[in-house]
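Architecture and fold: a report
Spelled out from the first residue to the last, the chains are:
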Amino acid sequence: MKALFLVLLAFTMFTAPASAADPEPAAIDELVNDTLQAWGAPGMVVVVVRGEEILLLKGYGRKQFDRPEAMTPDTVFPLASCTKMFTSTVMATQVDESELRWDDPVSKHLPAFHLSEPHADALVSLRDVLSHRTGLATHDLLWYRSAWDTDELLKRIAKLPLDYPFRGGYAYSSLMYIVAGQASANRAGEPWEKLVKSRLTDPLGMKTTYFTTRSVPTGDLATGHQRDRNGKLSLAEPYDFAEPNSAGSMYASGRDVAKWLRFQLAGGKTPDGTRLVSEKNLLETRRPQSIIPLTGANREQNPDTSLMCYGMGWVLYDYRGQSLAAHGGIVDGFRIQLTLVPEQRLAFAVLTNLYDSRITQAVSNTLIDRYCHLPARDWNAFFLKFRTEADASAKARLAARDKARNPDRKPSLPLASYSGTYAHPSYGTAKVMLTDSNLTLAWSSFTCKLEQFDGNYFRIPSGFFEEQLVEFTVNAGNVTTLHFTDVQFEKQ
């Protein structure tokens, strides 16, 4: 009897009580407001869902840092890369209907798509493009702020050499989700956005969800913010998703995100019990497909994780004994995080109008800790330390580069010799022009002033590529190549 008592006592001590109380609303308010102050963020919307119940749906702070309008549950945010989970989910409905299969060759539904390596081109499947294991790396600048439509992108992708062996690793690629969305649309015979709208967002009553920037009603969209190199907060230049993009163009309010999270927890059913997708194929999107290496910053910033994988539109990992499915979204001025804790029937969303910070992960981790009754940890301090260290490291690298510069080293040739047209099979044409004794580089939608830095290196002083260097190669008295954004362009 004594032994049984000790076993029961141990079980009681180390098992969280099933009836443990949720955090008080005031405690969550304090958490979020403290976080906004710690990070200097203008505003945030936080969503907490358990099963069918929305436990929290609230806006905090401001839509724009220098204006009085408050953030609300109906303020619209770009979902950015969280769009990917909508793309994989709508494809799950097509698998249900036998319109396609996860392991179908991409070419079966999108004949215009090719990879440059013949073996990979013959075998690449929908599952491969959805799980980031095609052999192609990010190549975001082929779609980000580019003027190329999907047909043109497909031609350019076909000329890219593989960055790693086909199915031999993991590399996140939004380009591949553009491919997936196009394959899905071709099979359905209607545009991707109409497919998502008719099969998912309309049945879920997501009335404040949009597929392009310009379709968001005036005044509903939060204003994005960023920090300069000195840490000063300013308005970010908005990114215009002028056309629907299955990798990242969706927008939604916190209220609609709550509906989406509830649908995920319900295994593919609406609140009235209508099934939109089978639980089997919905869960297939949240099954590990590719291992994400826990190395470098990824290891350091996930100290309670032992295994991380990519599913199809979801990142899957363990966190302090909990199994999570999550995905982040980041685009100019914004960052968001959606997280499921399926075994606890919990889901969280954090949407903020501050670019490129770990504020969303800090809040998400803290919410999981609070609602799953895990030991408290100061995640703001944890992630702010990384930001401080990253800022200091970036400044040190820039200072070291500038110190090593020889300001007396002149270009090998007169500036006029550097002007001309440079080409890359996938990245297209870059033009260098000499105007009033200054060089200007024009590529894609970008135009950059070039300042001579050191010999044949030129510095971009401002804009999107601020402080990046452009290198010209000179052989036998002629300029032969231009190196820009890690791409080598050949002079024509």
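Before reading further, recall that the structure is shown in the block above.
Everything in this summary refers to the structure shown in the same document. The structure presented is a predicted model; accordingly, all values stated were derived computationally and were not measured.

1. Side note on the environment of Val48
The residue Val48 is located in strand β1 (residues 43-50) in this model. Residue classification places Val48 among the buried positions, given a relative accessible area of 0%. With 291 residues separating them along the chain, Val48 and Thr339 place their C-alpha atoms 9.7 Å apart. Ignoring any residue separated from it by four or fewer positions in sequence, one finds Val48 in contact with Glu53, Ile54, Leu55, Leu56, Ala347, Phe348 and Tyr371.

2. What to know about the packing of helix α2 (residues 25-39) against helix α13 (residues 359-371)
As a packed pair, α2 and α13 sit with axes 11 Å apart at the nearest point and diverge in direction by 160 degrees. In terms of orientation, α2 lies roughly antiparallel with respect to α13. The crossing of α2 and α13 is right-handed. On α13, the residues that touch Ala27, Ile28, Leu31, Thr35 and Trp39 of α2 are Ile359, Ala362, Val363, Thr366, Leu367, Arg370 and Tyr371. The residue inventory of the contact of α2 with α13, partitioned by class, reads nine nonpolar, two polar and one charged.

3. Description of the sheet that holds strand β4 (residues 209-210)
With respect to topology, three strands assemble into an open sheet ordered β3-β7-β4, the strand pairing being antiparallel. Because the sheet does not close on itself, it has two edges, and the strands there are β3 (76-78) and β4. Inspection of the sheet shows β4 paired to strand β7 (residues 251-253) by two bridges, in the antiparallel sense. Residue pairing in the sheet places Thr209 in a bridge with Ala252 of β7. Packing against the sheet, helix α10 (residues 254-265) makes contact with β4 and β7, and its axis sits at approximately 95 degrees to β7.

4. Focus: the side chain of Lys84
When you line up the elements, Lys84 lands in helix α3 (residues 83-96). The buried charged residue Lys84 lacks any salt bridge, with Asp140 as its nearest oppositely charged partner at 7.0 Å. When near neighbours in sequence (up to four residues on either side) are disregarded, Lys84 contacts Tyr172, Ser174, Tyr177, Ser246, Ala247, Tyr310, Gly313 and His327.

5. A short note on α10
With twelve residues, α10 extends 16 Å from end C-alpha to end C-alpha; this agrees with the ideal 16 Å at 1.5 Å per step. Within α10, eleven of the twelve residues are buried, leaving the element largely enclosed by the surrounding structure. Of the residues making up α10, those classed as buried are Gly254, Asp256, Val257, Ala258, Lys259, Trp260, Leu261, Arg262, Phe263, Gln264 and Leu265. Note on α10: the residue one or two positions beyond its end, Gly267, has a positive phi of about 75 degrees.

6. Comments concerning α13
For α13, spanning 13 residues, the distance from its first C-alpha to its last is 18 Å, which sits close to the expected 18 Å at 1.5 Å a residue. With twelve of 13 residues buried, α13 lies mostly within the body of the structure. At the C-terminal side of α13, His373 shows a positive phi close to 60 degrees.

7. Points about the environment of Leu100
You can see Leu100 is positioned in the loop between α3 and α4 (106-109). Taking relative accessible area as the criterion, Leu100 reaches 2% and is therefore assigned buried. If we ignore the near neighbours within four places in the chain, the residues touching Leu100 are Met91, Gln94, Val95, His109, Leu126 and Arg187.

8. Points about the packing of aromatic side chains
A full pass over the atoms with the stated rule returns 31 aromatic pairs. Ring geometry for Trp143 versus Tyr239: centroids 6.4 Å apart, planes at 85 degrees, classification edge-to-face. You can see Trp143 sitting in the loop between α6 (126-130) and α7 (150-157) and its partner Tyr239 sitting in the loop between β6 (233-235) and β7, a full 96 residues away along the chain. Judged by relative accessible area, which is 15%, Trp143 ranks as buried. Here the aromatic rings of Tyr239 and Phe241 are separated by 4.6 Å at their centres, their planes lie at 75 degrees, and the arrangement is edge-to-face. Geometry around Trp379 places Arg377 over its ring, the cationic atom sitting 4.8 Å from the centre. Cation over ring: Lys385 sits above Phe386, and NZ or CZ is 5.9 Å from the ring centre.

9. Considerations on the sheet that holds strand β19 (residues 469-475)
Sheets are built from strands that pair by backbone hydrogen bonding, the pairs being arranged parallel or antiparallel. In spatial order, the strands read β14-β15-β16-β17-β18-β19-β20-β21; together these eight strands close into a barrel with antiparallel pairing. Between one strand axis and the next, the sheet turns through 30 degrees on average, direction left out of account. As paired strands, strand β15 (residues 428-435) and strand β16 (residues 438-443) are joined by six bridges and run antiparallel to one another. Within β16, the residue paired with Ala430 across the bridge is Trp443.

10. Structural notes on the pairing of strand β20 (residues 478-484)
The two faces of a sheet get side chains in turn, since along a regular strand they alternate between them. Summarising the sheet, β19 and β20 pair through five bridges and their orientation is antiparallel. Following the sheet pairing, Phe472 is matched in β20 by Leu482. Connecting β19 to the next strand, β20, in antiparallel fashion are two residues, including Ala476 with a positive phi near 50 degrees. Taken together, the four bridges between β20 and strand β21 (residues 487-491) define a ladder with antiparallel strand orientation. Paired with His483 across the two strands is Gln488, which belongs to β21. With antiparallel pairing between neighbouring strands as the criterion, β20 and β21 make up a hairpin whose turn holds two residues, including Thr485 at a positive phi of roughly 55 degrees.

Quick notes on the rules
- Residues numbered from 1 in each chain as written.
- Predicted model: local features only at pLDDT ≥ 70, side-chain atom pairs only at ≥ 80, totals over all residues.
- Heavy atoms only, no water.
- Helix = DSSP H or I, 4+ residues; strand = E, 2+ residues; numbered from the N terminus.
- Buried < 20%, exposed > 50% of the residue type's maximum accessible area, 1.4 Å probe, protein only.
- Contact = heavy atoms within 4.5 Å.
- Axes fitted to C-alpha atoms, helices over the stretch in contact; angles between N-to-C directions.
- Parallel < 35°, antiparallel > 145°, perpendicular 65-115°, else oblique.
- Left-handed = near helix turned anticlockwise from the far one by under 90°.
- Nonpolar A, V, L, I, M, F, W, Y, C, P; charged D, E, K, R; others polar.
- Pairing = 2+ DSSP bridges.
- Lys, Arg positive; Asp, Glu negative; His and termini not counted.
- Salt bridge = Lys/Arg side-chain N within 4 Å of Asp/Glu carboxyl O.
- Expected span 1.5 Å × (residues − 1).
- Phe/Tyr/Trp six-rings, centres within 6.5 Å; stacked < 30°, edge-to-face > 60°.
- Lys NZ or Arg CZ within 6 Å of the ring centre and 35° of its normal.

All quantities given are derived from atomic positions and should not be read as evidence of function.
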